[in-house]
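Here is what each chain is made of, one letter per residue.
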Amino acid sequence: MIQLALAVFGLTAMWLAMGGNARGRRWAPIVGLCGQPFWMWFAFGVQAWGLMVLSLAYTVVYLRGAWVQWRPQQ
């Protein structure tokens, strides 16, 4: 079940981010963030501490992407 969630959220985020639809690109980091708890749960479960650090780094990147896509326009 965890691996399915990893695939669905990760691939969907990438699909949206690389697409030509601006609305889809806007949602890409949100979808990616939804997958991060599954990555962290998996990393913790197999005690893959390097993967945990990488998951935290991806979370920061997705948060930045969400800020860039959703911040109020000036």
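Refer to the structure presented above.
Predicted, not measured: the structure shown is a model, and the values here were computed from it. (Residues numbered from 1 in each chain as written. Predicted model: local features only at pLDDT ≥ 70, side-chain atom pairs only at ≥ 80, totals over all residues. Heavy atoms only, no water.)

1. Remarks on unusual backbone geometry
Quick note on the threshold: Comment: elements are numbered from the N terminus, with helices defined as DSSP H or I runs of at least four residues and strands as E runs of at least two. Relative accessibility decides the category of a residue: with a 1.4 Å probe and only protein chains considered, values under 20% of the type maximum give buried, values over 50% give exposed, and everything between is partly exposed.
The phi angle at Gln47 is positive, at roughly 55°, despite the residue not being glycine. Mapped onto the secondary structure, Gln47 falls in the loop between helix H2 (22–45) and helix H3 (49–70). For Gln47, a relative accessible area of 57% gives the class exposed.

2. Description of H3
Counted only if it meets this: To estimate how far a helix should extend, the number of its residues minus one is multiplied by 1.5 Å. The arc under discussion is defined with respect to the helix axis, by the directions toward the C-beta atoms. Working rule for contacts: check all heavy atoms of both residues, and any pair within 4.5 Å makes them a contact.
A rise of 1.5 Å per residue sets the reference length of H3, with its 22 residues, at 32 Å; its end C-alpha atoms lie 31 Å apart and thus fit the reference within 8%. By the burial criterion, the buried members of H3 are Met52, Ser55, Thr59, Tyr62, Gly65 and Ala66. The buried residues of H3 all sit within an arc of 130° when viewed along its axis, so they share a single face. Exposed residues lying more than 90 degrees from the buried face of H3 are Gly50, Val53, Val60, Val61, Arg64 and Trp67. Where the residues of H3 are buried, they touch helix H1 (2–17) and H2.

3. A closer look at a nonpolar patch on the surface
Counted only if it meets this: The residues that make up patches have over 30% relative accessible area and no salt bridge, and they are joined within 9 Å when like-charged or within 5 Å when they are Val, Leu, Ile, Met, Phe, Trp or Tyr. The protein chains shown are the only cover counted for residues, whose accessible areas, like all others here, come from Shrake-Rupley with a 1.4 Å probe. One side-chain nitrogen of Lys or Arg within 4 Å of one carboxyl oxygen of Asp or Glu is enough to make a salt bridge.
Taken together, the side chains of Met1, Leu4 and Val8 define a hydrophobic patch exposed on the protein surface, amounting to about 370 Å² of accessible area. When you line up the elements, Val8 lands in helix H1.

4. Observations regarding the environment of Arg23
You can see Arg23 is positioned in helix H2. Sequence separation between Arg23 and Gln69 is 46 residues; the distance between their C-alpha atoms is 9.5 Å.

So, to be careful, I would describe these as geometric facts and stop short of saying anything about function.
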